[in-house]
Structures are given as structure tokens and as C-alpha cells.
Amino acid sequence: MYQELILEHYKHPQGRGLREPFDTEVHHVNPTCGDEVTMRVKVDGDQVLDVSYDGQGCSISQAAASVLHELTTGATVEKTLAVVDEFTRLMQGRGQVEANEDVLGDAVAFAGVAKFPARVKCALLAWMAYKDAVVRSQV
Amino acid sequence: MGAVGYDVERIRKDFPILSRELPGGRPLVYLDSGNSSQKPQVVIDAMRDHMMWHYGNVGRALHALGTESTDAYEGARDKVAAFIGAPSRDEVVFTKNASEAINLVAYSFGNPGVADERFRVGPGDEIVISEMEHHSNIVPWQLLAQRTGATLRWFPVTDEGRLDVSGLDELVTDRTKIVSIAHQSNVLGTVNDVAPVLARARQFGALVMLDASQSVPHQPVDVAALDVDFFAFTGHKMVGPSGIGVLWGRAELLDAMPPFLGGGEMIEAVWMDRSTFAPVPHKFEAGTPPIVEAVGLGAAIDYLTSVGMEQIKAHEKDLVTYALEARREFPGLRVIGPRDTVARGGTVSFTIDGIHPHDVGQILDDVYGIAVRVGHHCARPLHLRFGIPATTRASFYLYNTTAEIDALVRGLHHVRKVFG
């Protein structure tokens, strides 16, 4: 589960810290373990200009937010939502799902987490927050 | 090291699960008994034997199996009563778990059907708990406060993880209806001194309840000597099965309380528009009870008694002494709870600088087969008080060894290496 890439992002999180300007801000928590993330997105048309975040929690939850920042910032909204869907499918696959690396990029490093049902929510926390924030920014 | 004559290796052989290997050939190191304990062969056998040869419904079947089952079920009640020093077996109520036992007592307050002044609760009245409680000794009282307009108050916890009774006189007053606190904390390991709280409560006629879920499995208890009013604990933490808990209460209080759940076997007579109720304890045991679980709990009590509760307490004190010594060589490890072994059980919760407990627990399990609990252990307010989201908790029992604590320390060094 603890891939080098995950540990690297945990120790050196990318894009961490809440920034201006932003369209929407959301706060998501994992009530069973207390992990939390606050996430802001700035979208212009179909382009994601910035995803900034802050939070606390285990290495999986925090590294996931860092990887998410890298994969979403500068991409199109449509593409990032495809990543969210593929990542969710992978995480909920109980380790039986073949990951689509073309869609997931670095997020494929989390494939091993799917085998640990108790930790799936940690990996999904930031991604669910992102989806929520983007959907709200579109209305 | 070790309580005199205490043969932990022989005890371990009584627990089949302790000899199993986890996938990948990892030996099991079970340090999560505060969460739920493992079961000795005698408990497994007693439950199996009952189901194979004696099972029938209790209290209502007149045939031979019904009689044998009733004898076994009521026999378990006798064993519980003797184990906790209950003045009468009829004061022992079987519940589903400790949570249900506490809910049962909380339900009795502010209930329109109860005439007894001691159970009348309304605006202006107060319920007192503490900041170190398990959610099961918090939420039922919050619900009572919401239902009746009473005020919920609580003892704070000191930085050392002790019950802070410095404000006792201000906290327990003529407005207090009940004080309900942990006998032993499930996170800190702290064993609370009940006497001063009890004395103050008695001055004003307030009732006193102990959540004894973490004390009954680990030390000799005597409810008559403790002199409290209610006492709740659960079977699965004391080498018995899950699905059965116990409420002990003073007979005259139980008599004054309303039924909690209505149903079969809790009645005396039923008409279409009203019922009269069975005497305690049956008034509180609606429906078919956990029969096989009661038999298992009785066997667990026989087993613990055969080992000796004083011996178990002494063994756990040795283990916690060893663990608190071992943590000194681990910089950045902060114990949440008393660092000495005075009035303290075998539960050690801690944080490690910069490493989240979920990562600690995951690596201990994955790499070393060490089972600890991580999170807030159903005591979130206590964690908020210490300003931390979660802790890692190692909890010891009669079958644990110092070698397992050594394994834990080795595991923690590895965790440090991964995240260092």
C-alpha cells in the first residue's frame, strides 16, 4: 500500500495551502477516523486554474490530495471528472479492478489501497471533496 | 518479571486463536483486548455444548430442554452476581451490551410513568459525566438532557489523564440527579477513585452509575463495597462472547424504574389495553434473551476466576510497567494518560510526532501482525481535550507477554523508518 510515490507526496505535499482566488470551497471529513480536507477550486470555462487545499489525516488521505492537485490543476474539467470516476471505480473494486493508467496517471499508485476496505475512504476523501467543489462551481 | 506463579504461556494455550498465523506467515500479536478480547477454549466449548445438547427457550418452555436451558441461563446470572459481589442475583439484568445497560438507566429518568422523585428530571436538574467517557456513557445522557431539558455537565480531565475532581463541590450539587463515570478509562487506562464523587453525590441524594466495561475484565470488583447504584459492563471484553452485557442495580431502584423494552417474558399479565410487569430482573429482559451468550459469559467468569482476578491485575501491571519503561527509548512518542502505574490499568494510548495513527496501525498489522486500535476509540471528546484527532492504543490482557511489547517497539521503529 505504501508506494514510494505515496510516501513522497505525503512528505512533500504539492500545492498545499489555501489560495485566492477561488470559486468554491468545501470541507469534507471522514467521521470514522477524523481525517479532514478543505478544498478550493478556481475554474475558468472548462479549465481548472487552481486546486488548493489544507487538511489533516493519515498519509493516504494527505498524499491523495497532493496527487489530486497535480493531476487537476491546468487540466479540463471534463478530464478531471473522468479521473474522479476512474479513481472511484478503482477504489471501490476491492482490489479486483484493473486500473486504467492512461486515465489515472500517478493516481494509479493508490491501487493497493483498494485491498484495504477500511482505508478506501482515506484515499477517496480529497477526490470526493474535489468533485463536490467542481460541481458546485458549475451551477 | 511476572506475578508470582503466573504462567502466561500456559494461559496462552487456552486461547486457540493466539496460535494462528496471519497471511504471509506473520504470527498474531493481539494488543486490542480493550476493544474486544479473545475467547478461551472453555467458553467456545460451553456455548457449543449448550447448542448441541441443551438448547431450548428459557423461562417459558416446560419440557426437559427448556428446563436445562433455563437452569444454564439463570446459572450464568448466579455466576455474574457472585463475580461482582452483588447482594442479590435478582439485581443482575442481562442486556445486549454495556451501551444498552446505560441506555436502560438513562431511559428511566424523566419518564412520566415513574413516581419516584429520584428519577424525576427536568429543566434546572443536572446530569454529571466526565470528559474521559466512552461515547456509550455520553450519548445516552445527551439524549436524556434533550428529552427533559436537564443540563449535562462533566468533570474535566487533567493533563496527566486523571479525573479532575478539583471542582467537585461546584459540579455535584443539589441540582444533580445522577453522576455516571467510567470506572476505568478505555483510552487513558486511568482507574477512577469513586469514593469522593460518591460521597458528594450521596450528600444530595443523587444516584451514581459506573461504566465498568474496562474494569470488570481486569481487576476484582465488588459492587457492594463500591457502594454505587448502577454498574454496567459487557461480556466480550472479559473473554466471553459478544451479544451479552450486564446491568447491575440496587433492587429498590430497579423496582422503581419503568420497563425499557416491552415484549415476551417481561410481563405478569397482559390485557388488550394494559399490562402488569414481571419482577426484576425479568422486567428488563423482554423477548428471548441471549441464552447461549449468557452460558458463554458464565464460562468466561469461571475461567477468569480459575486464573484469579488479582493475578490478572498483577500481570497487567507488570505489562504496563514494562511498556511505559520501553517508551522512554522512543523519542517523539507521547503517552496520552498516566505515565506512572498508580491506579492505572493495562491500556497505553500514544501519538508519535508526525505520523498519523492510521499509518502506524496499518504498518504494524501489515508487516508484523500486530493488532492495535487506532482512531478516537469512541472517546472523541477526550481526544479533542488533548488536541489530537486520534491515538494508537495498545491494550493488554491476561494472555499478553513482554515479548509482544518488544515486538510492538520493533514495529514502531520500523514505522518511524518508513515515514522518517
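Now for a quick tour of the structure.

### Details of the overall build of chain B
Part 1: A tally of helices and strands in chain B yields 14 helices and 17 strands.
Part 2: A compact globule built from 420 residues would reach a C-alpha radius of gyration of about 22 Å, and chain B, at 22 Å, matches this within 12%.
Part 3: Within chain B, contacts between residues at least 6 apart in sequence are counted, and of these 71% link residues at least 24 apart.

### Points about the pairing of strand β9 (residues 230–234) of chain B
Residue and element names in this part refer to chain B.
Part 1: Counting buried positions along β9 yields five of five residues, so the element is predominantly enclosed.
Part 2: Residues Phe 230, Ala 232 and Thr 234 of β9 are buried on one face, and the alternating residues Phe 231 and Phe 233, pointing to the opposite face, are buried as well.
Part 3: Relative to β9, strand β8 (residues 207–211) runs parallel, the two sharing three bridges. Considered in β9, the bridge of Leu 210 is made with Phe 231.
Part 4: In this sheet, strand β10 (residues 245–249) lies alongside β9 in antiparallel orientation, the contact comprising five bridges. Counterpart to Phe 231 in the pairing with β10 is Trp 248.

### Topic: the interface of chain B and chain A
Part 1: Contacts between chain B and chain A engage 10 residues on the former and 11 residues on the latter.
Part 2: Mapped onto the side of chain B that touches chain A, the elements with two or more residues apiece are α12 (357–368) and α14 (402–419) of chain B.
Part 3: Of all the elements, α12 of chain B adds the most residues to the side of chain B that touches chain A, at three residues.
Part 4: When grouped by side-chain class, the residues that make up the side of chain B that touches chain A number four nonpolar, five polar and one charged.

### Thoughts on the sheet that holds strand β4 (residues 92–95) of chain B
Residues and elements named next belong to chain B.
Part 1: Overall, mixed pairing links the seven strands, which are arranged β4-β10-β9-β8-β7-β5-β6 in an open sheet. With partners counted over all chains shown, the strands left at the sheet margins are β4 and β6 (151–155), one partner each. On average, adjacent strands in this sheet sit at an angle of 20° to one another, irrespective of strand direction.
Part 2: In the packing of helix α4 (residues 98–108) onto the sheet, contacts are made with β4, β8, β9 and β10, and the angle to β10 comes to roughly 35°.

### Let's talk about the pairing of β10 of chain B
Residue and element names in this part refer to chain B.
Part 1: Across the five residues that make up β10, a large majority, five, are buried.
Part 2: Residues Gly 245, Leu 247 and Gly 249 point to one face of β10 and Val 246 and Trp 248 to the other, with burial holding for every one of them.
Part 3: By the bridge criterion, four bridges tie β4 to β10 in an arrangement that is antiparallel. Counterpart to Val 93 in the pairing with β10 is Leu 247.

### Quick notes on the sheet that holds strand β13 (residues 333–336) of chain B
Residues and elements named next belong to chain B.
Part 1: Read across the sheet, four strands follow the order β13-β14-β17-β16 without closing on themselves; strand pairing throughout is antiparallel. Two strands lie at the open edges of the sheet, namely β13 and β16 (373–375), each paired on one side alone. Neighbour-to-neighbour, the strand axes of this sheet turn through a mean angle of 30°, independent of strand direction.
Part 2: Strand direction decides the pairing type here: β13 and strand β14 (residues 347–352), joined by four bridges, are antiparallel. Each residue of the ladder has a partner; that of Val 335, found in β14, is Phe 350.
Part 3: Lying on the sheet, α12 is in contact with β14, β16 and β17 (391–395); it crosses β16 at an angle near 160°.

### Points about the environment of Ala 123 of chain A
Residue and element names in this part refer to chain A.
Part 1: Positionally, Ala 123 belongs in helix α5 (residues 117–137).
Part 2: Exposure remark for Ala 123: the 27 C-beta atoms within 10 Å place this residue in the buried category.
Part 3: Along the backbone, Ala 123 and Cys 58 are 65 residues apart, and their C-alpha atoms lie at a distance of 9.6 Å.

### Thoughts on the packing of helix α2 (residues 41–54) of chain B against helix α10 (residues 291–307) of chain B
Residues and elements named next belong to chain B.
Part 1: Two elements in contact, α2 and α10, have axes whose closest approach is 8 Å; the angle formed by their N-to-C orientations is 145°. Between α2 and α10 lies a crossing of right-handed hand. Every residue of α10 that contacts α2 at Val 42, Val 43, Ala 46, Met 47, His 50 and Met 51 is listed here: Val 292, Val 295, Gly 296, Ala 299, Ala 300 and Tyr 303.
Part 2: Tallied by class, the residues present in the contact of α2 with α10 amount to 10 nonpolar, two polar and no charged.

### What to know about the packing of helix α3 (residues 77–91) of chain A against α5 of chain A
All names here are of chain A.
Part 1: Here α3 crosses α5 at 155°, and the two axes come no closer than 10 Å. In terms of orientation, α3 and α5 fall into the roughly antiparallel class. α5 is crossed by α3, and the crossing has left-handed handedness. The residues of α5 that touch α3, namely those facing Val 77, Leu 81, Val 84, Phe 87, Thr 88 and Met 91, are Val 120, Ala 123, Leu 124, Trp 127, Tyr 130, Lys 131 and Val 134.
Part 2: Of the residues belonging to the contact of α3 with α5, the class tally is 11 nonpolar, one polar and one charged.

Rules and cut-offs
Along every chain, residues carry numbers that run from 1 in the direction the sequence is written. Whichever chain is written first becomes A and whichever ligand is written first becomes 1, with later ones labelled in order. Per-residue local features of the predicted model are confined to residues with pLDDT of at least 70, and side-chain atom pairs are confined, for both listing and counting, to 80 or more; whole-chain, interface and lining totals are unaffected and use all residues. By the criteria applied, helices consist of DSSP H or I runs no shorter than four residues and strands consist of E runs no shorter than two, each listed in order from the N terminus. As a reference, a globule follows 2.2 Å times the number of residues to the power 0.38, and the radius of gyration itself is taken over C-alpha atoms. By definition, residues are in contact whenever their C-beta atoms, placed on the basis of the backbone, come within 7 Å of each other. Three exposure classes are used, based on other C-beta atoms lying within 10 Å of a residue's own C-beta, which is placed from the backbone: buried for 20 or more, exposed for 12 or fewer, and partly exposed in between. For two strands to count as paired, DSSP must find a minimum of two bridges between them. Gly is put with the polar residues, along with every residue not named as nonpolar or charged; the nonpolar set is Ala, Val, Leu, Ile, Met, Phe, Trp, Tyr, Cys and Pro, and the charged set is Asp, Glu, Lys and Arg. Orientation is described by axes fitted as lines to C-alpha atoms, over the contacting stretch for helices, and by angles from 0 to 180 degrees between their N-to-C directions. Definitions for this section: a left-handed crossing has its near helix turned counterclockwise from the far helix by less than a right angle. A right-handed crossing has that turn clockwise. Note on terminology: angles under 35 degrees are roughly parallel, angles over 145 are roughly antiparallel, angles of 65 to 115 are roughly perpendicular, and the others are oblique.

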